[in-house]
Amino acid sequence: MRFNLGKKLLLLLAVLALSLLATDSVSTAPPPAPLAPPNPVLVYAGQEYYETGGKQWTRYKYSVFNMAEYPNEMFAAAPELPPCGTNTKSSRTWVDIYTQAGKRLYGFCTLANRDGLGRLWFALERNDVPPSWVYIELNDRKTNTKYKSNLAETTD
C-alpha cells in the first residue's frame, strides 16, 4: 500500500493533534502548596511601668514585624492538642520568650489570631536588670514546627 504526499501529510497532522490533546490532559498540575511562614522578625516596642501585688514592675513590650505572614489558622483553638494548664482550648501555636542564653522568660498559649503577635511582653521587677537580648519561638503544635526569631534588644 502506497501513501501519496497528501495522505502522509493528513496522517502526520492527525498524529500531532492527538498528541497535543493527550499532552493537555496530563499536564494539568495541582496548585502549588502554600509556602511555610518565615521566621518571625522580633522588634522591641518599649517599656511600661506598673504596680501589682504591692510590687513595682517593668513590662518589656515586643511586636512581630512580619505577623501578617502567619495564617490565623495557626492560632485557632486546638482542643485536640494537650492543654495549657487547665485551658483545654489553648491555641494551636504557642509563643515563648527567651533570653539570649535560652532561659524562658514568659509564654503565650492563648493567642486567638496573628494580631496577638503585635502585643508580646515579659515583665521583671523594677530593680531587676533585664537580659540584653531576647528572642521568641513560635511552636506550631499541630505540625510540630518551631519558628525562631532574631535577637531583639530590651532597651531603647
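1. Considerations on the packing of aromatic side chains
By convention here, two paired aromatic rings are described through the distance between centres and the angle between planes.
Line of reasoning, step 1. Per the stated rule, a full pass over the model turns up eight aromatic pairs.
Line of reasoning, step 2. Each ring, one from Y62 and one from F122, has its centre 6.2 Å from the other, and the planes form 15 degrees; the classification is stacked. Linking Y62 in strand β2 (residues 55-64) with F122 in strand β5 (residues 120-125), this pair joins segments that are 60 residues apart in sequence.
Line of reasoning, step 3. Since its relative accessible area comes to 1%, F122 is described here as buried.
Line of reasoning, step 4. Centroid distance Y106 to F108: 5.2 Å. Interplanar angle 80 degrees. Geometry classified as edge-to-face.
Line of reasoning, step 5. Among the residues examined, F108 registers a relative accessible area of 12% and is labelled buried.
Line of reasoning, step 6. Three or more aromatic residues joined by ring pairs form one cluster here, namely Y44, Y60, Y62 and F122.
Line of reasoning, step 7. Positioned over the ring face of W121 is R59, at 4.3 Å from the centre of the ring.
Line of reasoning, step 8. Over the face of the ring belonging to Y135 we find K148, whose NZ or CZ atom lies 4.6 Å from the ring centre.

2. Considering the state of the cysteines
Line of reasoning, step 1. Using the criterion set out here, one finds one disulfide in the structure.
Line of reasoning, step 2. One disulfide in the model links C84 with C109; its S-S distance is 2.0 Å. On the S-S bond that ties C84 to C109, the torsion sits near -75 degrees, and the link is left-handed. Taken together, the residues span a long stretch of sequence, with C84 in the loop between β2 and β3 (93-99) and C109 in the loop between β4 (104-108) and β5 at a distance of 25 residues.
Line of reasoning, step 3. Overall, the relative accessible area of 13% leaves C109 in the buried class.

How each quantity is defined
- Residues numbered from 1 in each chain as written.
- Predicted model: local features only at pLDDT ≥ 70, side-chain atom pairs only at ≥ 80, totals over all residues.
- Heavy atoms only, no water.
- Phe/Tyr/Trp six-rings, centres within 6.5 Å; stacked < 30°, edge-to-face > 60°.
- Helix = DSSP H or I, 4+ residues; strand = E, 2+ residues; numbered from the N terminus.
- Buried < 20%, exposed > 50% of the residue type's maximum accessible area, 1.4 Å probe, protein only.
- Lys NZ or Arg CZ within 6 Å of the ring centre and 35° of its normal.
- Disulfide = S-S within 2.5 Å.

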